[in-house]
Each structure stands twice: as structure tokens, then as C-alpha cells.
Amino acid sequence: MDRKRLLILGGGFAGLDVARSIGNSKRARDYWDTLLIDKENFFQFNPLLPAVAVGAVETRHIVYPLRDMARHRHIRFIKNKAKRIDLERREVLLHNDLVVPYDALVIAIGSVTNYYNVPGAQENTRPFKTIVDAMYFRARVVELFEMAEQAETEEQRRTLLAFVIVGGGVTGVEVAAELIEIAQETLLPNYASVHRKDISVTIIEGGDRIIPAARPEHSKYVHRFLVKRGVRLLLGSSATRVEPKRIHLENGTTVDGFTILWTAGVHPPEVVEELPLTRIKDGRVRVDGHLRPLDSGGKPVEDVYVLGDCAASMRSDGAYQPALSQTGIAMGLYVGKLLAERARGRSVGPFQFKPAGYIISLGKNSSVLELFGIPVSGRLAWLLWAGAYLIKMVGLRKQIEVGIDHLTHLLTEHDSSQILNRRQILSDEELDLSLGTPSSQPREPVASSAGTSRDSV
């Protein structure tokens, strides 16, 4: 009997667990001809991106080669990107005009940054979703400290070291905590001309508290922790417009930042948004109890499954499952089991999942977490955070590497080496920004150019 063609789009948490479930069952491997497709040839462990951004965890230690996984589990993998999904013809158009037919399709391609149609946001801010984003941010922070060390005025140093993070959710908070830690504990002692007052880290959050999904007492704890460390929190006013180095807020105020990160939210990629399916307000696709997408008439699409950040799965209380990594893992394990049982001629019950809680890292000094309804904060929470993510890492080698990173980070400083090309992380205008005092600059023609650069920040 010819094997059925199973196509998995996306090698993130959900897609990876579907592929591993099929690969771990000989019966399923004999039944399904499985092809995994992802735009990268590695799985990245997103929860540790903020730690990578400051060098607390090494870059390659949070990525796992998808081709190695595929080879060990006797499935196929190709690095490519879906451009269009044709549900009627049961085929997917890939980059380079390749067409892949399927008998069963798993859509688990994650999400992209949501700029909420704020003018100038996409052009004048940086996202924080990928390993490249983390590498860029780390290199930029160190490079700006190098420039600030050479600046001749306090105003110039404060301009260069002004960091703004739009979005006070888990990612924004974790990046701010890691950033202020590396700035104060590692970089400041190494740059004699830079002082604590020269550094500013600001979080902009439209809601009335940071981390709205956490317990109110945990939001208050994180608020106090960040303020004590020197982070500025602007709550209750969203961004309405973003210019180069400047953000305009609803309340009429402006915030200047030489580096602006956008961590305010996500939505499904365009290839999913184009599908004729039912969606909820945040753009996720409505799915039934077996994670099959609902068409425009509310009926499930057979042999198609939508998982992870793309899926809106309703819970028994009427709310939707949160778009978290643990949700994606649970969905991937469920569909993997469903497809493996299908190979045996069996069926499974509807998807059910109750989140175990949440974990929010505040650097090596503290964390907050809720585990099965029990709240924990402080150093103990950090140790639990490190242990939990160590267990969840994919592959023994990665678990060992990240474990060593955590231990090294506790005992030593961050690594402040900057190995990327400067032009990869700074624009020409930023590179050519005059660091001299006004009186030391020639009047023609450099002064006018430098003046323009300072005006733009």
C-alpha cells in the first residue's frame, strides 16, 4: 500500500512534536510519508532568546538541527517557505515555484510581529522574535557602549544609550531585565566614561499593568523589581506613531530612543491569513476539538490541522487557549498521537489542555512563576526557571550546553565581545554620528551633516 503524504509546515514547538511523534512510531512511519518544511534548518528555543540577547546563553546552544531530527526519525526535511496553501487542490506552493501535494496537512508556522497598523512602527523599530534579532540586539548594545565611551558630552552618551521597548508582556519585560543587568553589572565597569545615569531603559505598555496575563501580585513584583533596577515604565498609553528614534503616545507625549524594540504582539503569517477560514479578533484560525480549522461556514476542514500561534482552540470555560510555547507543545503532541493512532485505524478524543502556569525571568537575580497554581518569586523562582527550561531543551547536547551556560552565568560576568560587522547593526547615519563637542567640529561640510544626525535622534 502506498503511504499517505503528510506535510508539516513549521519546525517550531508544535510542528517538531508532530514530526517526532510520527518518527517514534514504526506503524506511523509505515503509514505516513512525512515531509517537514521550515524556512530555517533548525528549531529555536524561543523562551531563551532574551538570555541569548545579552550573552547569558550562547547563540547556538538554543538551536537544534531539524535535519538531524529528521534523519534519526526516518522522515524527510527540506528548508523552504510556503507561499500559498490551496486547500481545495490539496497542495502547497513553496518558494522557487515548487509544489508539494498532501493527503494530510499540519499548519504550524508560528507567528509574525504585529505592528497594529501604527504608522512608522515597522520601519523605525526592531522586532524580537528570532535568533538573528537576539544577535543583532546584543551586538548593537555593546557597539553603542563603545561609541558612548568615546563621546565627549553627557548628552551624546545619553542619546546613544537610550533604549525603548514597546510592549510590557513577557518578552518585553524579560528583555528589559536582561538588558539592565548586563548594562549595570558587566558593561558599566568596563567603560570608564559611561555612568549609570547615562543609561535609560523604558518600557511602553498600553495596559494598566505590565504582564497582564500574570497574577496581579506578580505584575506588582515585577514592576517594583524593574523600577528599583532603573527601568522606566510608561503604562496606560499606547504608541500612535513612530518616527526615527521617537515614539508618539496616545496621551500626547513623546519618548526618544536610539534603539527601539517592538514586542507588543504577534499575529499569523500572511500565508495563513489568506486562507478562507474562520478567525477570531487577534487573527488566529478557529479550530474544532480535533484542531481542524473551521471554514467560512463553520465546518471543519478534513485532513488539515492548525496548531500553535496560528490556532484559536476554545477551552471548556469559553476562553481560547493562550498562544504560549506550552500550548504549542501540547497541540503538537496531540496531533502527533492522532495521526499515529490513525495509522492503526483508531481515533482519539478531543484536544484538552490546561496550562501548567507561566515563568518570567528577570535575569539571574530573580524570576516569578506560577506552577500548578502555586506562585513563586525571587531567586528560588530563577532556579526553577532554569531547571524547567533545561528539561524542555531539545536534545541531550543542548541540555548540557545550556546547563553549563546557566552555571557560568551565575559565577561570572556576561561576555561583552562584539563580533558582528558594525554596518550590520548600525546605519550609515548612526556610524557617522559626530561624537565631538560642537566647538571642535569643522563648520563645513561635516557640521551640517552631524547636526542633521543629532536632530534625527
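Residues numbered from 1 in each chain as written. Predicted model: local features only at pLDDT ≥ 70, side-chain atom pairs only at ≥ 80, totals over all residues. Heavy atoms only, no water.

Considerations on the packing of aromatic side chains
- A complete count under the given rule lists nine aromatic pairs for this structure.
- Centroid distance Tyr115 to Trp262: 5.7 Å. Interplanar angle 40°. Geometry classified as tilted. Of this pair, Tyr115 sits in the loop between β10 (112-113) and α5 (121-124) while Trp262 sits in strand β18 (residues 259-262), and the two are 147 residues apart along the sequence. Summarising the burial analysis for this pair, Tyr115 and Trp262 share the class buried.
- Taken together, a centroid distance of 5.6 Å and an interplanar angle of 55° make the contact between Phe145 and Tyr191 tilted. With Phe145 in helix α6 (residues 131-150) and Tyr191 in the loop between α8 (170-187) and β13 (200-205), this residue pair connects regions lying 46 residues apart in the sequence. (Phe/Tyr/Trp six-rings, centres within 6.5 Å; stacked < 30°, edge-to-face > 60°. Helix = DSSP H or I, 4+ residues; strand = E, 2+ residues; numbered from the N terminus. Buried < 20%, exposed > 50% of the residue type's maximum accessible area, 1.4 Å probe, protein only.)

A look at the side chain of Asp198
- Looking at where Asp198 falls in the secondary structure, it is placed in the loop between α8 and β13.
- Assessed through its relative accessible area of 1%, Asp198 is described here as buried.
- A polar side-chain atom of Asp198 sits 3.2 Å from a polar atom in the side chain of Arg157.
- Those residues in contact with Asp198, other than ones at most four positions away along the chain, are Glu154, Arg157, Arg158, Leu161 and Ser193. (Polar contact = N/O pair within 3.5 Å; in protein donor to acceptor, adjacent residues only side chain to side chain. Contact = heavy atoms within 4.5 Å.)

Brief notes about the packing of α6 against α8
- Between α6 and α8, whose axes approach to 12 Å, the crossing angle comes to 35°. In the crossing of α6 with α8, the sense of the turn from one axis to the other is right-handed. In this structure, α6 contributes Phe137, Val141 and Phe145 to the contact, and α8 contributes Val175, Leu179, Ala183 and Leu187. (Axes fitted to C-alpha atoms, helices over the stretch in contact; angles between N-to-C directions. Left-handed = near helix turned anticlockwise from the far one by under 90°.)

A word on the sheet that holds strand β6 (residues 82-86)
- In space, the three strands of this open sheet follow the order β6-β7-β8, with antiparallel pairing throughout. The open sheet has two edge strands with one neighbour each: β6 and β8 (99-101). Taken pair by pair, the neighbouring strands of this sheet meet at an average axis angle of 20°, ignoring direction.
- The pairing of β6 with strand β7 (residues 91-94) spans four bridges and is antiparallel. When the sheet's bridge partners are listed, Ala82 is paired in β7 with Leu94. (Pairing = 2+ DSSP bridges.)

Observations concerning helix α1 (residues 13-23)
- Counting buried positions along α1 yields ten of eleven residues, so the element is predominantly enclosed.
- Of all the positions in α1, only Phe13, Ala14, Gly15, Leu16, Asp17, Val18, Ala19, Ser21, Ile22 and Gly23 are classed as buried.

Regarding the nonpolar core
- Core analysis: the biggest nonpolar cluster contains 128 residues, and Val106, Leu226, Leu307 and Leu339 have the highest contact counts within it.
- In this structure, Val106 is in contact with Leu6, Leu7, Ile8, Leu9, Val18, Tyr305, Leu307, Val335 and Leu339, ignoring residues within four places of it in sequence.
- The next biggest cluster of nonpolar side chains, apart from the first, holds 13 residues, and it includes Ala121, Ala239, Ile247 and Trp262. (Core = buried A, V, L, I, M, F, W, Y, C linked by side-chain atoms within 4.5 Å.)

A look at the sheet that holds strand β11 (residues 126-127)
- Taken in spatial order, the five strands of this open sheet run β11-β18-β12-β13-β14, and their pairing is parallel. The strands lining the two open edges of the sheet, one partner per strand, are β11 and β14 (231-235).
- Where strand β12 (residues 162-166) lies against β13, five bridges are found, and the strand directions are parallel. Paired with Phe163 across the two strands is Val201, which belongs to β13.
- The sheet contacts of α8 involve β12, β13, β14 and β18, and relative to β13 the element is tilted by about 170°.
- The sheet strands contacting helix α9 (residues 216-229) are β13 and β14, and the helix crosses β14 at an angle near 135°.

What to know about a nonpolar patch on the surface
- On the surface, a nonpolar cluster with roughly 580 Å² of combined accessible area is contributed by Leu380, Leu383, Leu384, Leu407, Leu410 and Leu411.
- Looking at the element boundaries, Leu383 is found in helix α12 (residues 379-392). (Patch = residues over 30% accessible without salt bridge, like charges linked within 9 Å, V, L, I, M, F, W, Y side chains within 5 Å. Areas by Shrake-Rupley, 256 points an atom, 1.4 Å probe, with all protein chains shown as cover. Salt bridge = Lys/Arg side-chain N within 4 Å of Asp/Glu carboxyl O.)

What about the pattern of salt bridges?
- Overall, the coordinates contain 29 salt bridges when judged by the stated rule.
- A salt bridge links Arg126 to Asp133; the nearest nitrogen and oxygen atoms lie 3.6 Å apart.
- Owing to a relative accessible area of 27%, Arg126 belongs among the partly exposed residues under this scheme.
- Salt-bridge contacts for Arg344 lead to Glu341; the nearest nitrogen and oxygen are separated by 3.6 Å.

Some points on unusual backbone geometry
- Unlike most non-glycine residues, His74 shows phi in positive territory, near 60°.
- Relative to the helices and strands, His74 is located in the loop between α4 (66-72) and β5 (76-79).
- For His74, a relative accessible area of 57% corresponds to the exposed category.
- In this structure, Tyr116 takes a positive phi of about 55° despite not being glycine.
- Position of Tyr116 relative to the elements: it lies in the loop between β10 and α5.

Observations regarding the pairing of β12
- Within β12, five of the five residues are buried, which leaves it mostly tucked inside the rest of the structure.
- Because side chains alternate across β12, one face comprises the buried residues Ala162, Val164 and Val166, and the other comprises Phe163 and Ile165, equally buried.
- With α8 bridging β12 and its parallel neighbour β13, the resulting β-α-β unit is right-handed.
- By the bridge criterion, four bridges tie β12 to β18 in an arrangement that is parallel. Residue Val166 lies in a different strand from β18, and its bridge partner there is Trp262. (Right-handed = clockwise from strand over helix to strand, strands pointing away.)

Topic: the confidence of the model for the chain
- Of the residues in the chain, 96% have a pLDDT of 70 or more, and the chain-wide mean is 91.
- This stretch, residues 443-457, has a pLDDT under 50; its non-local contacts, to residues over four places away or in other chains, come to 18 contacts. (pLDDT = per-residue confidence, 0-100.)

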